[in-house]
Amino acid sequence: MDISNLKKAIDQEIAGVKTEDDVFAFHQKFLSKSGEITKLMAGIKDIAPEKRGEFGKTCNAIKQDTETRLFKIQDEIKAVALREKLMSDPLVDITIPRLNTKRGTLHPITIVTRDVEEVLERMGFIVEEGNEIATEFENFESINIPKHHPARDMQDTFWLSDGRVLRTHTSMWQNYMMKKYGPSFRAICPGRCFRNEATDATHENTFFQVEGMMVGKDISIANLLYFMKEITTALLKRDDIEVRLRPSYFPFTEPSFEMDATCVFCDGKGCPICKHSGWIELFPCGMIHPRVLEMGGINPKEYRGFAFGFGLTRLAMLRWGIKDIRMFNSGNLDFLAGVTK
Ligand code: FA5
């Protein structure tokens, strides 16, 4: 059978497919290994070499189209059979309206995490996951916090019986990222962190951070400031946000800063939330300490970089004006369903 006769035969016979038996018979006749389409395809050896490509494409298109049409008909046949079976079952009433079931919503932290990932991926950052359980080396030593360093007291730690810890910050993934991608890369690591501290309206023992790193030959504070502003603008979905850096201290960055942004609640005019300063503290950051680069296998004389680590939970609070951080882990469905609307 040539191509045009085959098409005609398919059209004619498929119109008569009404039952599962018809589906089987049609499949045997046209689509099986010994079917007409396979036979047509086998004839490719008799086609002139320059026309074989075109011929192959046409055969494949016919096969695909025929399969799609047949499967659609088969689905309809099955649906009708199921409906008839249910209708004839005295215990089933398919006319009863379905229960008014509520649909779930994404958790606010999931929404901000996805936003952050999307914004930073667009800027060329790779997304890493990191482990929630860290060795003492990962959480502290690898980022220049040796044993007995007073900076260990900045974060109250949950210790496991085997000497490992629940990570207190996503900075514990810096060393891993440098070893994996160094010496020139951009990467982020969002995730859950844990601190053994009393909770209040702005502090939780389980919260989310995202770590960011950019390492390369000529990275400077100017790059840090530019990226921080871009990220903040994109995340807060505003283009009138100003940012400023204030000096701070972290053992793994030198110099270290706290980055503030225009208060989104009063547009910088001053309000109780920003304590009338017009600024809100957004995220800590700094130029990566040479010791930290070295421990990550990167030569600090040749390469430099910046790192930042901001609280995703606090970001969600800012975005939706949530006043108590404890709501996030409360399991309160009304809060979770309503807050992001
Ligand atoms: C750190 O954790 C540093 N690792 C951040 C960093 C990374 C600095 C890279 C420099 C370079 P800090 O302890 O300030 O810093 O926490 C960072 C953010 O996590 C805070 O700004 C806050 O938004 C959030 N955070 C910290 N503790 C809590 C808590 N108990 N509850 C909720 N959010 C918290």
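Look up: the structure comes first, before these words.
Residues numbered from 1 in each chain as written. Predicted model: local features only at pLDDT ≥ 70, side-chain atom pairs only at ≥ 80, totals over all residues. Heavy atoms only, no water.

**A few points about the overall build of the protein**
Rules: Put simply, DSSP marks the helices as runs of H or I at least four residues long and the strands as runs of E at least two long, and each gets a number from the N terminus on. For this measure, only C-alpha atoms enter the radius of gyration; the expected value for a globule follows 2.2 Å times N^0.38, where N is the number of residues. Burial classes follow relative accessibility: with a 1.4 Å probe on protein chains only, a residue under 20% of its type's maximum area counts as buried, one over 50% as exposed, and anything between as partly exposed. Whether two residues are in contact is decided by their heavy atoms, any of which lying within 4.5 Å being enough. Surface exposure here means Shrake-Rupley accessible area, sampled with a 1.4 Å probe, where a residue is shielded only by the protein chains that are shown. Residues counted as positive are Lys and Arg, residues counted as negative are Asp and Glu, and His and the chain ends are not counted. A charged residue contributes its charge at one atom only: NZ of Lys, CZ of Arg, CG of Asp or CD of Glu.
Scanning the protein for helices and strands turns up 11 helices and nine strands. Computed over C-alpha atoms, the radius of gyration of the protein comes to 31 Å, more than 25% over the 20 Å expected from 2.2 N^0.38 for 341 residues, which places it beyond the range of a compact globule. Out of the 341 residues in the protein, the part that is buried amounts to 41%. A separation threshold of at least 6 residues defines the contact pool for the protein, and within that pool the share at least 24 residues apart is 64%. Carbon and sulfur atoms form 53% of the exposed surface of the protein, whose accessible area is close to 19,400 Å². When the 46 basic and 48 acidic side-chain charges of the protein are each reduced to a single mean position, those positions are 2 Å apart.

**Digging into the site of the ligand**
Applied cut-off: The rule for a residue being near a molecule or strand is that one of its heavy atoms must lie within 4 Å of it. Whenever a nitrogen or oxygen atom comes within 3.5 Å of another N or O atom, the pair is scored as a polar contact, on the condition that within protein one atom can donate a hydrogen and the other can accept it, and that pairs from neighbouring residues in sequence are kept only if both atoms are in side chains. In this classification, Asp, Glu, Lys and Arg are treated as charged, Ala, Val, Leu, Ile, Met, Phe, Trp, Tyr, Cys and Pro as nonpolar, and every other residue, Gly included, as polar.
By nearness alone, 23 residues border the ligand, and His169, Ser171, Arg195, Glu197 and Glu204 come closest of all. Contact between the ligand and Arg195: an oxygen atom at 2.9 Å from a side-chain N or O atom of the residue. Protein chains shield 92% of the accessible area of the ligand, which is 680 Å² for the free molecule. Breaking the shell around the ligand down by element, the ones donating at least two residues are strand E5 (206-216), strand E8 (279-288) and strand E9 (304-311). Broken down by element, the shell around the ligand gets its largest block of residues, four residues, from E9. Across the shell around the ligand, the residue classes break down as eight nonpolar, 10 polar and five charged.

**Overview of empty space enclosed by the protein**
Just so we agree on the cut-off: Only protein atoms enter the 1 Å grid used here, on which a cavity is any set of points holding a 1.4 Å probe that cannot leave and a pocket is any open set flanked by protein within 12 Å on both sides along at least five of seven lines; residues with an atom within 4 Å of a point are listed as lining. Grid points are joined across faces, edges and corners, and a volume is the space filled by probe spheres set on the points.
On inspection of all chains with the given rule, the structure shows one cavity of 30 Å³ or more. No other element matches helix H8 (residues 221-236), which puts three residues into the lining of the largest cavity. Looking at side-chain class alone, the lining of the largest cavity contains six nonpolar, one polar and no charged residues.

**Some words on the side chain of Thr262**
In this fold, Thr262 is placed in strand E7 (residues 253-262). A distance of 2.7 Å separates a polar atom in the side chain of Thr262 from the backbone nitrogen of Glu242.

**Focus on a nonpolar patch on the surface**
Let me state the cut-off plainly: Only residues whose relative accessible area exceeds 30% and that take part in no salt bridge are eligible for patches, with like-charged residues grouped when within 9 Å of each other and nonpolar side chains (Val, Leu, Ile, Met, Phe, Trp, Tyr) grouped when within 5 Å. We define a salt bridge as a contact between a side-chain nitrogen of Lys or Arg and a carboxyl oxygen of Asp or Glu at a distance within 4 Å.
A surface patch of nonpolar side chains, amounting to about 410 Å² of accessible area, comprises Met87, Leu91, Val92 and Ile94. Tracing the backbone through its elements, the reader meets Leu91 in the loop between helix H4 (52-87) and helix H5 (108-122).

**Re the packing of helix H1 (residues 3-14) against H4**
Each pair of packed helices gets described by two things: the angle between the helix axes and the distance between those axes. Put simply, the rule is: All axes are obtained by fitting lines to C-alpha atoms, using only the stretch in contact for helices, and the reported angles, taken between N-to-C directions, cover 0 to 180 degrees. Roughly parallel means an angle under 35 degrees; roughly antiparallel means over 145; roughly perpendicular covers 65 to 115; every other angle is labelled oblique.
At their nearest, the axes of H1 and H4 sit 12 Å apart, and the two run at 0° to each other. With respect to each other, H1 and H4 are oriented roughly parallel. Taking contact as the criterion, the partners of Ile3, Lys7, Ile10, Asp11 and Ile14 in H1 are, on H4, Phe55, Thr58, Ile62, Thr66, Arg69, Leu70 and Ile73. Here the contact of H1 with H4 is composed, by residue class, of seven nonpolar, two polar and three charged.

**Section: the pattern of salt bridges**
All told, the structure shown has 16 salt bridges when counted by the stated rule. Among the ionic pairs, Asp11 bridges to Arg69, the shortest N-O distance being 3.1 Å. Separated by 58 residues along the polypeptide, Asp11 in helix H1 and Arg69 in helix H4 bring together distant segments of the chain. Classification of Asp11 as partly exposed rests on a relative accessible area of 41%. Residue classification places Arg69 among the partly exposed residues on the basis of a relative accessible area of 29%. One salt bridge in this structure joins Asp162 and Arg164, with 2.9 Å as the shortest N-O distance. Taken together, the shared-partner salt bridges connect Arg244, Arg246, Asp260 and Glu281 into one network.

**Looking at the layout of surface pockets**
By volume, the second largest pocket amounts to about 290 Å³. Together, 19 residues line the second largest pocket, and Thr113, Pro190, Gly191, Arg192 and Phe208 are the ones closest to its centre. Here the element with the most residues in the lining of the second largest pocket is H5; it accounts for five residues.

**Concerning the nonpolar core**
Going by this rule: By convention a nonpolar core is built from buried Ala, Val, Leu, Ile, Met, Phe, Trp, Tyr and Cys residues, the set being connected through side-chain atoms within 4.5 Å.
Ranked by size, the top nonpolar core spans 49 residues in total, and within it Val116, Met228, Ile231, Phe306, Phe308 and Phe310 carry the most contacts. Sorting the residues of this core by element identifies H5, E5, H8, E7, E8, E9, helix H10 (312-320) and helix H11 (333-338) as the ones contributing at least two each. Not counting residues within four places of it along the chain, the set of residues in contact with Phe310 comprises Val116, Phe208, Gln209, Val210, Ile231, Leu235, Leu282, Phe283, Pro284 and Leu315. If you look at the next biggest cluster of nonpolar residues, it comprises 23 residues, including Ile145, Ala151, Met177 and Tyr303.

**As for the environment of Leu160**
Its place among the elements puts Leu160 in the loop between helix H6 (136-139) and strand E3 (165-166). Separated by 86 residues in sequence, Leu160 and Arg246 place their C-alpha atoms 35 Å apart. When sequence neighbours within four positions are dropped, the list of residues in contact with Leu160 reads Ile133, Val165 and Leu166.

**Focus on the pairing of E8**
Quick reminder of the rule: Two strands qualify as a pair provided that DSSP identifies no fewer than 2 bridges between them.
Counting buried positions along E8 gives seven out of 10 residues, so the element sits mostly inside the fold. Taken together, the eight bridges between E7 and E8 define a ladder with antiparallel strand orientation. What sits directly across from Ala261, in E8, is Ile280. Note: E8 against E9, three bridges, orientation antiparallel. Each bridged residue has a counterpart across the sheet, and for Gly286 the counterpart in E9 is Ala307.

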